[in-house]
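# A structural walkthrough
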Amino acid sequence: MEVIRKLLWPFSLVYAAAVWLRNLCYDRGWCASESFATPVLCIGNLSVGGTGKTPMVEWVLRRLQARRAAVLSRGYRRRSRGFVLAGPDTPADDLGDEPAQIALKFPRVIVAVDADRRRGIRKLTRRASPDLIILDDGFQHRKVRPAGFILLTCWGALYPDQGYLPSGDLRDHKSQARRAGIIAVTKCPELPDPETRAEITRRLRPEAGQRVVFARLDYSDVRDSAGRVVSPEQLREKPFTLVTGIANPEPLVRHLKELDLVFEHMEFPDHHRFSPREIDALRSRKRILTTEKDAARLGSDLTGHWVIGVAHQFGEADEKVLMEFIDSL
């Protein structure tokens, strides 16, 4: 893999130049970018997948009890087209796995998908009148000018240290980090001490006014398909199968191993759409643990399985920084 990436490096130079030129067109006003009367909060990243955008959206939603919030996503790998507003019976295939997960967990939140974010914002505004729209994974959608940006970058894979596609993982130019009001370092093994925070912040080189916050992953109790908590003793009775179709399952695998659990890991690509043959193979396994994202995609095809959720955990001071930023929009 490393050899292939080195061979692709010249193409990365071309890619980096192309995204730099595209952004320049928007920065200079040569390409139109639209702002909206309803505040838009964009949560995104510069790299391909795996930084924890959906847990960040959920973190924000849990703290917006007093606001009528809506979530707009592209709905990656959905079967539908155009604008779709989530309802009680809207299948995950029409929304995409992550919007379906959010709609299931937050039934009072308005969730919609549209690849055309400007059209999606207009339709959401007309139909639901939200007072805040959260744009999930919209950092590269320059046709929209949000009121604020939260940029996510992973501990151990900070964007200043990464290369551009196809030899690296960056899909946007590093210089665009300057648009963020908040830079959140996610998936920290533990919340860092002041000295480590200062070192990571120095490597990120934030602009004046930008704030850097840090989060670790906090895994929830394992629950069965009926919502009942599964005890650690039940998990340890026999080996089970972990089924994942997410960008980076390594933190979850590490967490389960730290609990001294014995399991086989069936790993699928991110947003994987399970075939009937794969569903049958999963049904033949009696003890299955999967993620909330995968559970949303598997839907009613799989029953009797266990589900584990994940959330970002920030320190008290960083929570305050985040909420002050969001409340200012």
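Quick caveat, the model's predicted, so the values are computed rather than measured. (Residues numbered from 1 in each chain as written. Predicted model: local features only at pLDDT ≥ 70, side-chain atom pairs only at ≥ 80, totals over all residues. Heavy atoms only, no water.)

## Details of the environment of Ser 80
What counts, and what does not: The numbering of helices and of strands both runs from the N terminus, where a helix is a DSSP run of H or I of at least 4 residues and a strand a run of E of at least 2. In this analysis, two residues are considered to be in contact whenever any of their non-hydrogen atoms come within 4.5 Å of each other. Any pair of N or O atoms that falls within 3.5 Å is considered a polar contact. Within protein, one atom must be able to donate a hydrogen and the other to accept it, and sequence-neighbouring residues count only if both atoms are side-chain atoms.
Along the chain, Ser 80 turns up in the loop between strand E2 (69–73) and strand E3 (84–85). Residues within four places of Ser 80 in sequence aside, it is in contact with Asp 93 and Asp 94. A distance of 2.9 Å separates a polar atom in the side chain of Ser 80 from a polar atom in the side chain of Arg 78. Polar contacts involving the side chain of Ser 80 include one to the main-chain carbonyl oxygen of Asp 94, which spans 2.6 Å.

## Concerning the pattern of salt bridges
Rules: A pairing counts as a salt bridge when a side-chain nitrogen of Lys or Arg comes within 4 Å of a carboxyl oxygen of Asp or Glu.
The full count for this structure, using the stated rule, is 24 salt bridges. In this structure, Arg 67 engages Asp 131 in a salt bridge whose closest nitrogen and oxygen atoms are separated by 3.8 Å. Of this pair, Arg 67 sits in the loop between helix H3 (53–62) and E2 while Asp 131 sits in the loop between helix H6 (117–128) and strand E5 (132–136), placing them 64 residues apart in sequence. The shortest N-O distance in the salt bridge between Glu 237 and Arg 287 comes to 4.0 Å. With Glu 237 in helix H8 (residues 232–237) and Arg 287 in the loop between helix H10 (276–283) and strand E12 (288–291), this pair connects stretches of sequence that are 50 residues apart. The network of salt bridges with shared partners includes Glu 58, Arg 62, Lys 105 and Glu 292.

## Re H6
Rules: Between the first and last residue of a helix there are one fewer steps than residues, each counted as 1.5 Å, and that sum is the expected span. The cut-offs for exposure are 20% and 50% of the maximum accessible area for each residue type, with area from a 1.4 Å probe on protein chains only; residues under the lower value are buried, those over the upper are exposed, and the others partly exposed. The arc under discussion is defined with respect to the helix axis, by the directions toward the C-beta atoms.
Relative to the 16 Å expected for 12 residues at 1.5 Å per residue, H6 spans 16 Å between its end C-alpha atoms, a close match to the ideal helical length. Residues of H6 that are buried include every one of Arg 117, Gly 120, Ile 121, Leu 124 and Ala 128, and no others. Angular distribution of buried residues about the axis of H6 spans 100°; they occupy a single face of the element. The elements touched by buried residues of H6 are strand E1 (40–45), E2, E3, strand E4 (110–113) and E5. At the C-terminal side of H6, Ser 129 shows a positive phi close to 50°.

## Describing the packing of aromatic side chains
Formally: Pairing of aromatic side chains requires ring centres within 6.5 Å, counting the rings of Phe and Tyr and the six-membered ring of Trp. Pairs whose planes differ by under 30 degrees are stacked, by over 60 edge-to-face, and all others tilted. Two conditions define a charge located above a ring, namely a distance within 6 Å from the ring centre to NZ of Lys or CZ of Arg, and an angle within 35 degrees of the ring normal.
Under the definition given, this model contains five aromatic pairs. On the basis of an interplanar angle of 20° and a centroid distance of 5.5 Å, the ring pair of Phe 240 and Phe 263 is categorised as stacked. In this pair, Phe 240 is assigned in strand E10 (residues 240–244) and Phe 263 in strand E11 (residues 263–267), connecting sequence segments 23 residues apart. Exposure class is identical for Phe 240 and Phe 263. Each is buried. If you follow Arg 179 out to its NZ or CZ, it ends over the ring of Phe 139, 4.3 Å from the centre. One cation-aromatic arrangement involves Arg 179 over Phe 149; the distance from NZ or CZ to the ring centre is 5.0 Å.

## Considering the sheet that holds strand E13 (residues 306–308)
What holds strands together in a sheet is hydrogen bonding between their backbones, with the strands either parallel or antiparallel. To keep it simple, the criterion reads: One requirement defines pairing of two strands: DSSP has to find at least two bridges between them.
With respect to topology, five strands assemble into an open sheet ordered E9-E13-E12-E10-E11, the strand pairing being mixed. Looking at the sheet topology across the chains shown, the edges are occupied by strand E9 (223–224) and E11. Pairing geometry for E9 and E13, over two bridges, is antiparallel. Looking at the pairing, Asp 224 lines up with Trp 306 of E13.

## A look at the nonpolar core
For soluble globular proteins, the rule of thumb is that nonpolar side chains tend to be buried together. Quick reminder of the rule: Here, the term nonpolar core denotes a set of buried Ala, Val, Leu, Ile, Met, Phe, Trp, Tyr and Cys residues that are joined through side-chain atoms within 4.5 Å.
Core analysis: the biggest nonpolar cluster contains 32 residues, and Leu 124, Tyr 159, Val 185 and Leu 204 have the highest contact counts within it. Not counting residues up to four positions away in its chain, the partners in contact with Val 185 are Thr 153, Cys 154, Trp 155, Leu 158, Ile 200, Leu 204, Val 212, Val 213, Phe 214 and Ala 215. Formed by 29 residues, the second largest nonpolar core is a distinct cluster that contains Phe 106, Val 109, Ile 182 and Leu 329.

## Some details on unusual backbone geometry
Between Leu 165 and the following residue, Pro 166, the backbone shows a cis peptide bond with an omega angle of 5°. Looking at the element boundaries, Pro 166 is found in the loop between strand E6 (148–154) and strand E7 (182–188). In the Ramachandran plot, Ser 129 falls in the positive-phi region, its phi being about 50° despite a non-glycine side chain. Along the chain, Ser 129 turns up in the loop between H6 and E5. Residue class for Ser 129 comes out exposed when judged on its relative accessible area of 51%. Despite not being glycine, Lys 187 shows a phi value in the positive range, around 60°. By secondary structure assignment, the location of Lys 187 is in strand E7. Overall, Lys 187 belongs to the buried group, its relative accessible area being 16%.

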